Amino acid sequence: QQPVQSPQAVILREGEDAVINCSSSKALYSVHWYRQKHGEAPVFLMILLKGGEQKGHEKISASFNEKKQQSSLYLTASQLSYSGTYFCGTGSGNTGKLIFGQGTTLQVKP
Amino acid sequence: NAGVTQTPKFQVLKTGQSMTLQCAQDMNHEYMSWYRQDPGMGLRLIHYSVGAGITDQGEVPNGYNVSRSTTEDFPLRLLSAAPSQTSVYFCASSYSVLGHRANYGYTFGSGTRLTVV
């Protein structure tokens, strides 16, 4: 079952914050976050393995609520380089099987 | 260290033709997967593998075959191409999560843009 991302699209001004949510109807073992620029391959941002774990990558951080089967990606003080499509991927065990959401398009304007 | 290499980058096929998309990685990753990406559909898992000799079906496996005889290679075969298989195909690889328990996600190849006419 494909995880559901919200919102589908976000438009920001430089310096503004954004939150992208990812929810699943299945129990989760891990949540991955990736960013894809137009015409390029997705690039790994971070992985979360434990309930309630939070990680950061520069000004991008994420949380994972295992009980609620949800993860959120936080982008603070957004930069033009943050523009792209963000995907969450959910894993249900140590199987290598990673199912992606439909993506959230983020556009940062000057 | 080339990462994940996909060939070809572009391909046009006629309906009914067969072909193999190649994928090779030089990072000694256990996991390898194939995804297709269509506008508005995100990345959909076709097949995946947890190691040499072990493969399993993903979300959209029909019309595709895979095999993994070595750790490095994971080719995707289209048996009889159909216009519905027009898409961008990505191969990806990763360390197994339990084996390394680190911040390792999937590394993606640059993709193959396939058009079936």
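Residues numbered from 1 in each chain as written. Chains lettered and ligands numbered in written order. Predicted model: local features only at pLDDT ≥ 70, side-chain atom pairs only at ≥ 80, totals over all residues. Heavy atoms only, no water.

J.: Help me understand the overall build of chain B in this model?
T.: For chain B, the helix and strand inventory stands at one helix and eleven strands. For chain B, the N- to C-terminal ordering of α and β elements is β-β-β-β-β-β-β-β-β-α-β-β. Against the globule reference of 13 Å for 117 residues, chain B gives a C-alpha radius of gyration of 14 Å, in line with a compact fold. For chain B, the C-alpha atoms occupy an extent of roughly 45 × 30 × 25 Å along the three principal directions. Looking at chain B residue by residue over its 117 residues, the buried ones come to 48%. Summarising the internal contacts of chain B: among those between residues at least 6 apart in sequence, 55% fall at separations of at least 24. Element-wise, carbon and sulfur atoms account for 51% of the exposed surface of chain B, whose accessible area totals about 5300 Å². Averaging the positions of the 8 positive and the 7 negative side-chain charges in chain B gives two centres separated by 9 Å. (Helix = DSSP H or I, 4+ residues; strand = E, 2+ residues; numbered from the N terminus. Rg over C-alpha atoms; globule rule 2.2 N^0.38 Å. Buried < 20%, exposed > 50% of the residue type's maximum accessible area, 1.4 Å probe, protein only. Contact = heavy atoms within 4.5 Å. Areas by Shrake-Rupley, 256 points an atom, 1.4 Å probe, with all protein chains shown as cover. Lys, Arg positive; Asp, Glu negative; His and termini not counted. Charge placed at Lys NZ, Arg CZ, Asp CG, Glu CD.)

J.: Help me understand the nonpolar core in this model?
T.: Within soluble globular proteins, side chains that are nonpolar tend to cluster in buried spots. All names here are of chain A. Judged by nonpolar contacts, the single largest core of 21 residues is most densely connected at W33, M46, L73, L75, Y82, Y86 and L106. Elements supplying a minimum of two residues to this core: β2 (9-13), β3 (18-23), β4 (30-36), β5 (43-48), β7 (60-65), β8 (70-75), β9 (84-91) and β11 (104-109). Residues in contact with Y86, not counting those within four places in the same chain, are Q5, I20, Y34, R35, L45, L73, L75, G103, T104 and L106. (Core = buried A, V, L, I, M, F, W, Y, C linked by side-chain atoms within 4.5 Å.)

J.: Help me out: how do you make sense of the state of the cysteines in this one?
T.: In total, this model carries two disulfides over all chains according to the counting rule given. Note that C22 of chain A is cross-linked by a disulfide to C88 of chain A, the S-S spacing being 2.0 Å. Handedness here is read from the sign of the S-S torsion; for C22 of chain A and C88 of chain A, about 70°, the answer is right-handed. In this pair, C22 of chain A sits in strand β3 while C88 of chain A sits in strand β9, placing the two residues 66 residues apart along the sequence. For the pair C22 of chain A and C88 of chain A, one class covers both residues: buried. Through a disulfide, C23 of chain B is tied to C91 of chain B; the S-S separation comes to 1.9 Å. Between C23 of chain B and C91 of chain B, the disulfide has an S-S torsion of -70° and is therefore left-handed. Of this pair, C23 of chain B sits in strand β3 (residues 19-25) while C91 of chain B sits in strand β9 (residues 87-94); the two residues are 68 residues apart in sequence, bridging distant segments of the chain. Using a relative accessible area of 0% as the deciding quantity, one classes C91 of chain B as buried. (Disulfide = S-S within 2.5 Å.)

J.: Teacher, can you tell me more about the pattern of salt bridges here?
T.: A side chain of one charge can pair with a side chain of the opposite charge if their charged atoms are brought near each other. All names here are of chain B. Scanning all chains against the criterion turns up two salt bridges over all chains. Across the pair R36 and D38 runs a salt bridge, and its minimum N-O distance is 3.0 Å. Taken individually, R36 and D38 each receive the classification buried, so the pair is uniform in this respect. For the salt bridge of D38 with R44, the shortest nitrogen-to-oxygen distance reads 2.8 Å. The exposure class of D38 is buried, given its relative accessible area of 11%. (Salt bridge = Lys/Arg side-chain N within 4 Å of Asp/Glu carboxyl O.)

J.: Is there a simple way to think about the packing of aromatic side chains in this case?
T.: Two aromatic rings, taken as a pair, are described by how far apart their centres are and by the angle between their planes. Under the counting rule described, the total for this entry stands at nine aromatic pairs over all chains. Taking the centre distance of 5.2 Å and the plane angle of 70° together, the rings of F100 of chain A and Y35 of chain B count as edge-to-face. Taken together, the residues F100 of chain A in strand β10 (residues 98-100) and Y35 of chain B in strand β4 (residues 31-38) connect one chain to another. Its relative accessible area of 0% is what places F100 of chain A among the buried residues. A residue is classified by how much of its surface remains accessible, and Y35 of chain B, at 0% relative accessible area, is buried. For the ring pair Y35 of chain B and F108 of chain B, a centre distance of 6.0 Å and an interplane angle of 40° mean the geometry is tilted. With a gap of 73 residues between them, Y35 of chain B in strand β4 and F108 of chain B in strand β10 (residues 107-108) connect regions that are remote in the sequence. (Phe/Tyr/Trp six-rings, centres within 6.5 Å; stacked < 30°, edge-to-face > 60°.)

J.: How do you make sense of the interface of chain B and chain A when you look at a structure like this?
T.: Taken together, the contact between chain B and chain A spans 25 residues of the former and 22 residues of the latter. Where chain B meets chain A, there are zero salt bridges. Run the count over chain B and chain A and you get three residue pairs in polar contact (both at pLDDT 80 or more). Put simply, the parts of the chain that give the side of chain B that touches chain A at least two residues each are β4, β5 (42-51) and α1 (97-100) of chain B. At five residues, β5 of chain B tops the list of elements feeding residues into the side of chain B that touches chain A. Residue composition of the side of chain B that touches chain A, grouped by class: 14 nonpolar, nine polar and two charged. (Polar contact = N/O pair within 3.5 Å; in protein donor to acceptor, adjacent residues only side chain to side chain. Nonpolar A, V, L, I, M, F, W, Y, C, P; charged D, E, K, R; others polar.)

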